[in-house]
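As a plain string of letters, each chain reads:
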Amino acid sequence: ALSPLLAAMAGTSQQALRVVHLYRAVIRDLQPYTTNRWMWFAEKEKIRARFEANRNMTDPMQIETTLRSGEAEFQKWRHPDPYTTPYLFGGSRYMRNPPMPADGSISMAFDFGREAGTWDPRDTPATGHHH
């Protein structure tokens, strides 16, 4: 079993990590609410001031209570349709044009419109001639 001091230190390091994750999540979620970058900077400074006001807390129970309160407030005000970068998972361009597999597991059909069995593999779309 951990000593109370080590348990408190482990708890506060986990709490510190949760605070960082919460701060980053709040800042990321702020983007869809703001109409321009200057408004985003102003709101970001207000949020930073709220986090800084609690920076010097030392009691793990008080930290946990404040952290849970902040996480609950974030969930309450979270944007219902957050901005997603188009090329990341969930974005409008995610996997729109995926690269062809290098192992050749997908073959191109150059015989579109021809009857089955009339295509020669030596035919190429560029030459267009048949053997």
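Values in this document were obtained by computation on a predicted structure and should not be read as measured data.

Undergrad: How do you make sense of helix 3 (residues 60-77) when you look at a structure like this?
TA: Along an α-helix, residues three or four apart share an orientation, since each turn contains 3.6 residues. With 18 residues, helix 3 should cover 26 Å at 1.5 Å per step; its first-to-last C-alpha distance of 26 Å lies within 8% of that length. All of the buried residues in helix 3 are Ile63, Glu64, Leu67 and Phe74. Take helix 3 and look down its axis: the buried residues cluster within an arc of 95°, on one side only. Looking at helix 3, the residues exposed on the side facing more than 90 degrees away from the buried face are Met61, Thr65, Arg68, Lys76 and Trp77.

Undergrad: Please clarify how the confidence of the model for the protein should be interpreted in this entry.
TA: It should be kept in mind that the predicted coordinates are not to be read in detail where pLDDT is low. Model confidence for the protein is summarised by a mean pLDDT of 77, while 67% of its residues fall at 70 or above. For the protein, helix 1 (residues 4-30) is the element with the lowest average pLDDT, namely 78, and helix 2 (residues 37-53) is the one with the highest, namely 92.

Undergrad: How do you make sense of the packing of aromatic side chains when you look at a structure like this?
TA: The geometry of an aromatic ring pair comes down to the distance between the two centres and the angle between the two planes. Inspection of the entire model under this criterion finds 3 aromatic pairs. Aromatic pair Tyr23 and Phe51: ring centres 5.1 Å apart, planes at 75°, arrangement edge-to-face. Note that Tyr23 is positioned in helix 1 and Phe51 in helix 2, a separation of 28 residues in sequence. Taking relative accessible area as the criterion, Phe51 reaches 25% and is therefore assigned partly exposed.

Undergrad: Would you mind showing me how to read the side chain of Gln15 here?
TA: Structurally, the position occupied by Gln15 is in helix 1. You can call Gln15 buried: its relative accessible area is 8%. Apart from the residues within four sequence positions on either side, Gln15 is in contact with Pro60, Ile63, Glu64 and Leu67.

Undergrad: Please clarify how a nonpolar patch on the surface should be interpreted in this entry.
TA: On the surface, a cluster of nonpolar side chains totalling about 380 Å² of accessible area is made up of Phe89, Tyr94 and Met95. Within the secondary structure, Met95 sits in the segment after helix 3. Residue class for Met95 comes out exposed when judged on its relative accessible area of 51%.

Undergrad: What is the right way to read the pattern of salt bridges from this model?
TA: Proximity of charged atoms lets side chains of opposite charge pair with each other. Enumeration over the complete set of coordinates arrives at 7 salt bridges. The shortest N-O distance in the salt bridge between Arg18 and Glu64 comes to 3.0 Å. Taken together, the residues span a long stretch of sequence, with Arg18 in helix 1 and Glu64 in helix 3 at a distance of 46 residues. The class of Arg18 is partly exposed, set by a relative accessible area of 27%. Put simply, Lys46 and Glu43 hold a salt bridge, and the shortest N to O gap is 3.1 Å. Of this pair, Lys46 and Glu43 both sit in helix 2, 3 residues apart, which is roughly one turn of the helix. We classify Lys46 as exposed; its relative accessible area is 51%. One salt-bridge network, held together by shared partners, links Arg18, Glu64, Arg68 and Glu71.

Thresholds applied
- Numbering of residues starts from 1 in each chain and follows the order in which that chain's sequence is written.
- Where local features are concerned, this predicted model is filtered to residues with pLDDT of at least 70; where side-chain atom pairs are given and counted, the filter is 80 or more; whole-chain, interface and lining totals use all residues.
- As a rule here, side-chain values cover all heavy atoms of the structure and leave hydrogens and water aside.
- Each helix is a run of H or I in the DSSP string that is no shorter than four residues. Each strand is a run of E no shorter than two, and both are numbered from the N terminus.
- By this rule the span expected of a helix is its residue count minus one, scaled by 1.5 Å.
- Whether a residue is buried, partly exposed or exposed follows from its accessible area with a 1.4 Å probe, protein chains only, as a fraction of its type maximum: under 20%, in between, or over 50%, in that order.
- This arc describes the spread of directions from the helix axis toward the C-beta atoms.
- Known as pLDDT, the predictor's confidence for each residue is given on a scale from 0 to 100.
- Classification of ring pairs uses Phe, Tyr and Trp, with its six-membered ring standing for Trp, and accepts pairs whose centres are within 6.5 Å; under 30 degrees between planes counts as stacked, over 60 as edge-to-face, and the remaining range as tilted.
- What makes two residues a contact is simply this: any of their non-hydrogen atoms within 4.5 Å.
- Here, patches come from residues exposed beyond 30% relative accessible area and free of salt bridges, joined within 9 Å for like charges and within 5 Å for nonpolar side chains (Val, Leu, Ile, Met, Phe, Trp, Tyr).
- Note on areas: Shrake-Rupley, 1.4 Å probe, and residue coverage restricted to the protein chains presented here.
- The term salt bridge refers to a side-chain nitrogen of Lys or Arg lying within 4 Å of a carboxyl oxygen of Asp or Glu.

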